[in-house]
Amino acid sequence: MLPGMLFERYRVLNTTTEPGLIRARCQDSRTDRQVSILGVDKSLLDHPGTGYDLALLQADLDQARTTTHPSVLQAEELLQDERRVYLVCEPPEGLALDRLPKGVANLSAAFAASAMTRLLSLMELSQRIGQTGLCLSPQAAYLSPKGQLRVENFASARLLHVARSIHSNNGAGALLGSFGAFRDPSRCRADDAERAAVVIEVLADLPADCQIKPLARRIAGNLRNSSSMDNAIADALEQMRGVQSMVEGKQKSERPQAGTTAANRRTLRPGEYLFHQGDACNGECYVLDDGLVQISKTTPDGRELYLDLSKPGDIIGEMAVLDDRPRMASAQILEPSEVVVIKGAEFLSRLEKSDIVAVKLLEVMAARIRYQSGEIARLKTLLGAKA
């Protein structure tokens, strides 16, 4: 059992236990918010069969903290006492997928397809930034009461996998071994594909409407039998986007929309960037036609802080065009996206034709937003709040 207060900061609200590990939901007295704390016996990080130790856990945490994603429960810090090591993270809401019933009446096939697309997009993004061996599973993915799918971060998912592997088979497994944990990229990619297939099958069973189930199972089979694990996730994502469009009744037009040409449209994959924080303004802003783009800032210590999420119809990068200053944040692609590129001169010309006063007002607002976003990032860092 845990004491009522951890490290004179986290008040324990409730706990759940498994062999060798304990999970607590706590109230952070410093920031007045709830966190999840995963505690594991130190002996688990000295187990000779896994090759996973405290240094690797710290490296995983450092990597998890450098990136944010709206579908990932953010990792925060690592603490330890004489008996245990504790990983502090954003708490999950709702139930894990493996605890949900099948054939839920108020869950649609369109929702399930969207959740599968989001999951595969996240996995493709992770592979692009060098994160493989994600250890995602129905136990590490949660459906919130608001219908949002969230998954464990890189560090907590791996730590849970190691702890459970030790309990179930003394640390043996394709990703673990005395030679070192998660060292073989090809095995990690194959394991990611298998885990993606499992989660897709679980998601396909959730809606009462069964129309998506055979299509999802076919994609899961393709993931398992892909001739190239390097491309398995990306290929499955494209297949799932087709299923999602069909279920939602969408039909992608191959022609550019009115007022645009193929020359001023750009297609991007998860993990790519429209621009990075600090980039010189290239005289372009963008209208997101399809997909999902995350806007974030990087702190001096290398931590990524989430600012906003851009959805279809949103304008991205307009402030640098308005004030001709470097990009104040980074814009990373989270799902396969298509943007319309608008040249700065055209953007400003359209504004000036509307009202020159409005242009001047927007310039003032851009300066204020730059300042406020910097203050928000600074306060998040000081408070240790969710990035």
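Each chain carries its own residue numbering, running from 1 in the direction its sequence is written. In keeping with the predicted nature of the model, local features appear solely for residues at pLDDT of at least 70, side-chain atom pairs appear and are counted solely at 80 or more, and the whole-chain, interface and lining totals rest on all residues. Note: side-chain values were computed over all heavy atoms of the structure, leaving out hydrogens and water.

K.L.:
I'm lost on the confidence of the model for the chain in this one. Help?
P.N.:
Regions with low pLDDT carry predicted coordinates that are not meant to be interpreted in detail. What pLDDT conveys is the predictor's confidence in a given residue, as a value from 0 to 100. Here the chain averages 86 in pLDDT, while 85% of its residues score no lower than 70. What counts as a helix is a DSSP run of H or I of at least four residues, what counts as a strand is a run of E of at least two, and both are numbered from the N terminus. Put simply, helix H9 (residues 356-383) is where the chain has its lowest mean pLDDT, 57, and strand S6 (residues 84-89) is where it has its highest, 96. Contacts of residues 252-256 to residues separated by more than four positions or lying in other chains number five contacts, the stretch itself having pLDDT below 50. Contacts are assigned to residue pairs that have any heavy atoms within 4.5 Å of one another.

K.L.:
Would you mind going over helix H3 (residues 154-169) with me for this structure?
P.N.:
One turn of the α-helix equals 3.6 residues, which is why residues spaced by three or four share an orientation. Along its 16 residues, H3 runs 22 Å from first to last C-alpha, staying within 8% of the 22 Å computed at 1.5 Å per residue. Most of H3 sits out of view: 12 of its 16 residues are buried. Each element contacted by the buried residues of H3 is listed here: strand S3 (21-28), strand S4 (33-41), helix H1 (54-65), S6 and helix H4 (185-205). Within 3.5 Å is the distance limit for a polar contact, defined as a pair of N or O atoms, with the added protein rule that one can donate a hydrogen and the other accept it, and that residues adjacent in sequence qualify only through two side-chain atoms. Near the N-terminus of H3, the side chain that reaches the backbone nitrogen of Ala155, with its oxygen 3.0 Å away, is that of Asn153. Expected span, for any helix, means 1.5 Å times one less than how many residues it has. Only protein chains enter the accessibility calculation, which uses a 1.4 Å probe; a residue whose area is less than 20% of its type maximum is buried, one above 50% is exposed, and one in between is partly exposed.

K.L.:
So what exactly am I meant to see when it comes to the pairing of S3 here?
P.N.:
Residues in a regular strand point their side chains to alternate faces of the sheet. Counting buried residues along S3, eight of its eight residues qualify, which places the element largely inside the surrounding structure. Burial of the side chains of S3 extends over both faces: Leu21, Arg23, Arg25 and Gln27 are buried on one face and Ile22, Ala24, Cys26 and Asp28 on the other. Sheet topology places strand S2 (residues 10-18) next to S3; eight bridges connect them, and they run antiparallel. Within S3, the position partnered with Arg11 by the bridge is Gln27. As consecutive antiparallel partners, S2 and S3 are separated by two residues, and within that stretch Gly20 has a phi angle of approximately 85°, a positive value. For two strands to pair, DSSP has to find at least two bridges joining them. Note that S3 and S4 share eight bridges and pair antiparallel. Each bridged residue has a counterpart across the sheet, and for Ala24 the counterpart in S4 is Ile37.

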